[in-house]
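# Overview (structure and organization)
The primary structure of each chain is shown beneath.
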Amino acid sequence: MSNTPVRFVNSWRNQTIRDNLQRQWIKSGVFRLLYWGGIQVLVFLYSDQSWAKNWHVVPSLQWQEIYSDNINLAASGKAKNGFVTQLSPAANIIWQVGKSSLNLRYNMQNLYNAHGDGDYSLAHQLQFSAHNVLLKNRFFVDSRASIGQQNISNTRLIADNISGNKDDTTTMRSFGVSPTWLVHLGNYVNGSVRVNADTFSSGATTLSNSETVAEMIQLNSGSQFKRLQWSAGFNNSKAYRTDGEDVAFQSSSVSVRTHIHKKFSLFATVGHSANAFNAAANVGRHNNGFFYTLGGRWSPSRYYWLEAGAGNNSYATVNIMPMKRLSWLTTVKCNAIGLNTGTTWQTALNYRTRNASWTLTHDNDTTTVQDIFTTQNAALVKVNSPAIQLGAMPVNISISSPSAIDGVVERASWNLSAVFFTGKSTVSVHGFNQDRTFQASKNNAPSTERVRGVNATWQWQFARKTSAYLSPEWQQIDRYSAKNTSSHDNRYDFAIGLNQAITQRVSAQLEFRHVTQTSDLLSNDYQENRATANLFMRF
């Protein structure tokens, strides 16, 4: 272990490796994202003369030495042990003036002997978002970008860039910009006109690169409309794929509401839905055409209200707010037109006490695999990760994502989260269940998945500069194909660690982790024991 950093430095001196590094840097898309980010920065500089006083830049450096007794995540009898060295310079950049802001987190993960390959490798992680107000209360531009690694197939899960087979993951990149015009026509009309332009690319041959253009128009009645309020909305989105069917979602609607009593109102909604993607018969739940809903809202108290509408798209909503600490909104829908037709429902429960908070949600949606990965890239860091206490940016690859294949996905998702605080301890628990239905595409048959899991973290601050943590996790994936094949995986993960603040800018961490995965696929059964020493420096 002692000469591993020396091998790391010697490998860097090799000219071939430096050339490979430059090629990886260019292919990673960092150049393109920095180009567009530079344009965004210039816009910021132009928009406000006091820009220089409002930048907050925090560079950092993280060094890790990792030992794994199964660095290739192989089945019993084929495991290989080894040490991995990681050196990661990073930067966190925040800028804000008035309502304009920029937030950028970049991590350059330099690895030696990752996956047990005895070589140097490089991975980039980037999270970027910006909001720039060009005309106050009139026009602003949002931009976003991400770079991260994701699993190509969820039949072979890797949780980071350290262990496993490097060919089981790929780097995914996204960039988007959204100019938005705020509409104010006297006191008669308020609203917004927004255009989203997004790109997505990856190294997975099973997943198409795409460019998506979306237009969103929302207009609402102004204060001149007293007894009669109205709203109109139009949403149109089309994803152009390099290899595969294009996907288009479109919906428009107009609503009118009138108050016949201070506690009761009537409304009418008419609209049209036009979605275009390849859906297998008896699998997808979407219909195009015109829809209508007629109904009313009853608000007998400030603590709750009820709203219901009937038509070929009907629904009922109950909103309960009996106290400041509790809110609960539930909607049941029965739609004949649009996405997610049939009976679906959503709920959102939030409850807070002095020492705890609870959140329960259930939702249904229809999206694309590319959009799922884009969202996951933008949230690479686990919320309850103990490494956040160090100020570090831990690299986590989602183990609950779908396989990287073209397709439109219908999802029904449950999420339950709870956080408890005591004098020196924090306990967080998260449970989830997601049912996915994949529509057929040119290269893939329809299929379904169920992913469920529970993870928790207990952090104990037992000394002024020292804390300990426990982090167990369980996940199960069930897959069912139209070809009458199925597979099931169970993954157990347990970590125990110690955090130590050395100075205000330097901290250290020791961690032991055990992972066991059992699967119907014999090649996917493995166990890994890992020990990690982590040193984090903030400049």
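Above this text is the structure in question.
Since the structure is predicted, the reported quantities are computational estimates derived from the model, not experimental observations.

### Describing the overall build of the protein chain
Each helix and strand in the protein chain was counted, giving four helices and 26 strands. Expressed as a percentage of the 539 residues in the protein chain, the buried residues total 43%. At a minimum sequence separation of 6, the contacts of the protein chain that also span at least 24 residues come to 57%. Accessible surface, the protein chain as shown: approximately 26900 Å² in total, 59% of it carbon and sulfur.

### Here we look at the pairing of strand 23 (residues 466-481)
Pairing between strand 22 (residues 447-460) and strand 23: twelve bridges, direction antiparallel. Residue Gly453 lies in a different strand from strand 23, and its bridge partner there is Gln475. Turn length for the strand 22-strand 23 hairpin, with the two strands adjacent in sequence and antiparallel, is five residues. With 15 bridges connecting them, strand 23 and strand 24 (residues 486-501) associate as antiparallel partners. Residue pairing for strand 24: Asp478 is matched across the bridge by His488.

### Points about helix 4 (residues 369-377)
Considered for burial, the residues of helix 4 that qualify are Val369, Gln370, Ile372, Phe373, Gln376 and Asn377. Down the axis of helix 4, the smallest arc covering the buried residues is 160 degrees, so these residues share one side.

### Some details on the packing of aromatic side chains
Applying the stated rule across the entire model yields ten aromatic pairs. Aromatic pair Phe139 and Trp181: ring centres 6.2 Å apart, planes at 45 degrees, arrangement tilted. Of this pair, Phe139 sits in strand 5 (residues 139-151) while Trp181 is found in strand 6 (residues 169-185), placing the two residues 42 residues apart along the sequence. Classification of Phe139 as partly exposed rests on a relative accessible area of 23%. With relative accessibility at 38%, the residue Trp181 sits in the partly exposed group.

### Some words on the pattern of salt bridges
Within this structure, the stated rule accounts for 14 salt bridges. Across the salt bridge formed by Arg257 and Glu307, the nearest N and O atoms sit 3.2 Å from each other. Taken as a pair, Arg257 in strand 10 (residues 247-261) and Glu307 in strand 14 (residues 304-310) lie far apart in primary sequence, 50 residues in all. Judged by its relative accessible area of 8%, Glu307 is buried. The salt bridge involving Arg513 is made with Asp493; its shortest N-O contact spans 2.7 Å. Taken together, the positions of Arg513 in strand 25 (residues 506-519) and Asp493 in strand 24 put the pair 20 residues apart, joining distant regions of the chain. Since its relative accessible area comes to 8%, Asp493 is described here as buried. Salt bridges sharing partners connect three or more residues here, namely Arg491, Asp493, Glu511 and Arg513.

### Let's talk about the nonpolar core
If you look at the biggest cluster of nonpolar residues, it comprises 14 residues, and the most contacted ones within it are Leu102, Leu104, Tyr106, Leu126, Phe128 and Ala145. Contributions of two or more residues to this core are made by strand 2 (82-97), strand 3 (100-112), strand 4 (120-135) and strand 5. Counting residues in each nonpolar core, the second largest holds ten residues, with Ala204, Leu207, Ala404 and Ile405 among its members.

### What to know about the pairing of strand 3
Residues in a regular strand project their side chains so that they alternate between the two faces of the sheet. Most of strand 3 is tucked away: ten of the 13 residues are buried. Turn length for the strand 2-strand 3 hairpin, with the two strands adjacent in sequence and antiparallel, is two residues, and the turn residue Gly98 shows positive phi of about 60 degrees. Summarising the sheet, strand 3 and strand 4 pair through twelve bridges and their orientation is antiparallel. Counterpart to Tyr106 in the pairing with strand 4 is Leu126.

### Overview of unusual backbone geometry
Positive phi, close to 50 degrees, is recorded for Leu73, a residue that is not glycine. On the secondary structure map, Leu73 appears in the loop between strand 1 (55-68) and strand 2. In the Ramachandran plot, His115 falls in the positive-phi region, its phi being about 65 degrees despite a non-glycine side chain. Structurally, His115 can be placed in the loop between strand 3 and strand 4.

### Let's talk about the environment of Trp460
Note that Trp460 resides in strand 22. A sequence separation of 33 residues divides Trp460 from Val427, and the C-alpha atoms of the two residues are 8.8 Å apart. With residues up to four places along the chain from it excluded, the contact list for Trp460 reads Lys424, Ser425, Thr466, Ser467 and Ala468.

### A short note on a nonpolar patch on the surface
There is a patch of nonpolar side chains on the surface, built from Ile260, Phe264, Leu266, Trp298, Tyr303, Tyr304, Leu306, Val318, Ile320 and Trp328 and spanning about 840 Å² of accessible area. For the nonpolar patch, the elements supplying multiple residues, two or more each, are strand 11 (264-273), strand 14 and strand 15 (313-323). Mapped onto the secondary structure, Trp328 falls in strand 16 (residues 326-335).

Criteria and thresholds
Residues numbered from 1 in each chain as written. Predicted model: local features only at pLDDT ≥ 70, side-chain atom pairs only at ≥ 80, totals over all residues. Heavy atoms only, no water. Helix = DSSP H or I, 4+ residues; strand = E, 2+ residues; numbered from the N terminus. Buried < 20%, exposed > 50% of the residue type's maximum accessible area, 1.4 Å probe, protein only. Contact = heavy atoms within 4.5 Å. Areas by Shrake-Rupley, 256 points an atom, 1.4 Å probe, with all protein chains shown as cover. Pairing = 2+ DSSP bridges. Arc of directions from axis to C-beta. Phe/Tyr/Trp six-rings, centres within 6.5 Å; stacked < 30°, edge-to-face > 60°. Salt bridge = Lys/Arg side-chain N within 4 Å of Asp/Glu carboxyl O. Core = buried A, V, L, I, M, F, W, Y, C linked by side-chain atoms within 4.5 Å. Patch = residues over 30% accessible without salt bridge, like charges linked within 9 Å, V, L, I, M, F, W, Y side chains within 5 Å.

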